[in-house]
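Here is what each chain is made of, one letter per residue.
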Amino acid sequence: MQRRHLIQAMGLGSLLSSWPALADDYPSRPITLVSPWAAGGTNDLLCRLLAKEAGRSLGQPMVVDNKAGASGVIGTTAVARSRPDGYTLTLGSTPGYATAQALYPNLPYDPLRDFVPVIGVATVPNVLVVSPSLPVNSVRELIAYLKAHPGEMSYSSVGPGSTQHLCARMFERMTGTEMIHVPYKGTAPAMQDLLAGRITLSFENMPPLLPQIRSGGLKALAVTSAQRVSQLPNVPTVAESGLPDFTASVWYAVFAPAGVPASIVERLQKAFEAALRRPESMAQLSNLGLTTLATDAAATRAFIQADAAKWGGIIRSAGIKPE
């Protein structure tokens, strides 16, 4: 028995002593970047841009793995439970880290305890869009229309707790309107139904909407940011459309599971920062309506804590529950 324990202890000691060497050799194989959302949405688009550029800096391929479901919880949980060796990362966002704890009392991970932020990537507003067939051209006209058709109109989201869902619930609460929530597995199918007129409206992330807005396929009534955005200069904010306390933006950040060696986190942070600072990357992000952050781990953690407090207060005061 003593011999077995000695062998086990020697094996553990060997593993621990080899860990710095493994960190020094990092990365020696491909890295997986998990997108906890379906393909076609903003998270997926960002993952693919980052994976290409950061992989180039690191000298190893970075592969995007879409693990969608449960408003980002499935993919995020998978990364939280993965080996903390720097080979499994995720691009987290507002739903999985700032709103999930307030919505789900039995959340299978702790956003701050189970992850280490690598870098803050970007922020982007949502856009209130409606089907072209809807006879409204402003937020005020939309409110009047919804009040004239209580409980008849619908809005899409990518799941309970998503920013699309929370923005719509805030809008209902602030305007005294009532709509039907229709959750989808991703942005692409939701937009198909919106374009076809089967869904009335959506508070969707800006990037996948821009082509349809510019072509006239969708009508943009307002953006959820505090100021107008350069990509849609003629579209007012929700705040200036009569709801002064209505502001919301989505942020994105790269996370690693807790326990990843600090030297690996630093290496990753530098690679992602280099990717974000490339003129081509900044131009792509700007064209999509995103504002680059490129914040370090400490600043990203502080930002997330503040955002979680904000959304948690809104969720609790509004009595929002997962559906």
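Calculation notes
Per-chain numbering applies: the sequence of each chain, read as written, is numbered from 1 onward. Per-residue local features of the predicted model are confined to residues with pLDDT of at least 70, and side-chain atom pairs are confined, for both listing and counting, to 80 or more; whole-chain, interface and lining totals are unaffected and use all residues. Side-chain metrics in this entry use all non-hydrogen atoms of the structure; hydrogen atoms and water are not considered. Just to be clear on terms, a salt bridge is a Lys or Arg side-chain nitrogen sitting within 4 Å of an Asp or Glu carboxyl oxygen. Burial status follows relative accessibility: with a 1.4 Å probe on protein chains alone, a residue under 20% of its type maximum counts as buried, one over 50% as exposed, and anything between as partly exposed. Axis lines are fitted to C-alpha atoms, over the contacting stretch for helices. Their N-to-C directions set the angle, which ranges from 0 to 180 degrees. A run of DSSP states H or I qualifies as a helix once it reaches four residues; a run of E qualifies as a strand once it reaches two. Both are numbered from the N-terminal end. Oblique is the label for every angle not falling under 35 degrees (roughly parallel), over 145 degrees (roughly antiparallel), or within 65 to 115 degrees (roughly perpendicular). In this description, contact between two residues means that some pair of their heavy atoms is separated by no more than 4.5 Å. Amino acids are sorted into nonpolar (Ala, Val, Leu, Ile, Met, Phe, Trp, Tyr, Cys and Pro), charged (Asp, Glu, Lys and Arg) and polar (every other residue, Gly among them). The quantity called pLDDT is the predictor's confidence in a given residue, expressed from 0 to 100.

1. So, the pattern of salt bridges
Enumeration according to the criterion identifies 12 salt bridges in this entry. Two residues, Arg83 and Asp85, come together in a salt bridge whose shortest N-O distance is 3.9 Å. Judged by relative accessible area, Asp85 falls into the buried class, the value being 9%. Across the salt bridge formed by Arg278 and Glu280, the nearest N and O atoms sit 3.4 Å from each other. Taking relative accessible area as the criterion, Arg278 reaches 25% and is therefore assigned partly exposed. Residue classification places Glu280 among the partly exposed residues on the basis of a relative accessible area of 44%. A network of salt bridges, in which partner residues are shared, links Glu53, Arg56, Arg278 and Glu280.

2. What to know about the packing of helix α2 (residues 42-58) against helix α10 (residues 279-287)
Direction vectors running N to C along α2 and α10 enclose 180 degrees, while the axes themselves pass 11 Å from each other. Taken together, α2 and α10 sit at an angle that is classed as roughly antiparallel. Only Ser281, Gln284 and Leu285 of α10 make contact with α2, whose side of the interface consists of Leu46, Leu49 and Glu53. Looking at the contact of α2 with α10 residue by residue, the class counts come to three nonpolar, two polar and one charged.

3. Looking at the confidence of the model for the protein
The share of residues in the protein with pLDDT of 70 or more is 92%, and the mean pLDDT across the chain is 89. The low-confidence segment residues 1-10, where pLDDT is below 50, has zero contacts with residues more than four positions distant or belonging to other chains. Taken together, the stretch residues 14-21 has pLDDT below 50 and engages in four contacts with residues farther than four places along the chain or on a different chain.

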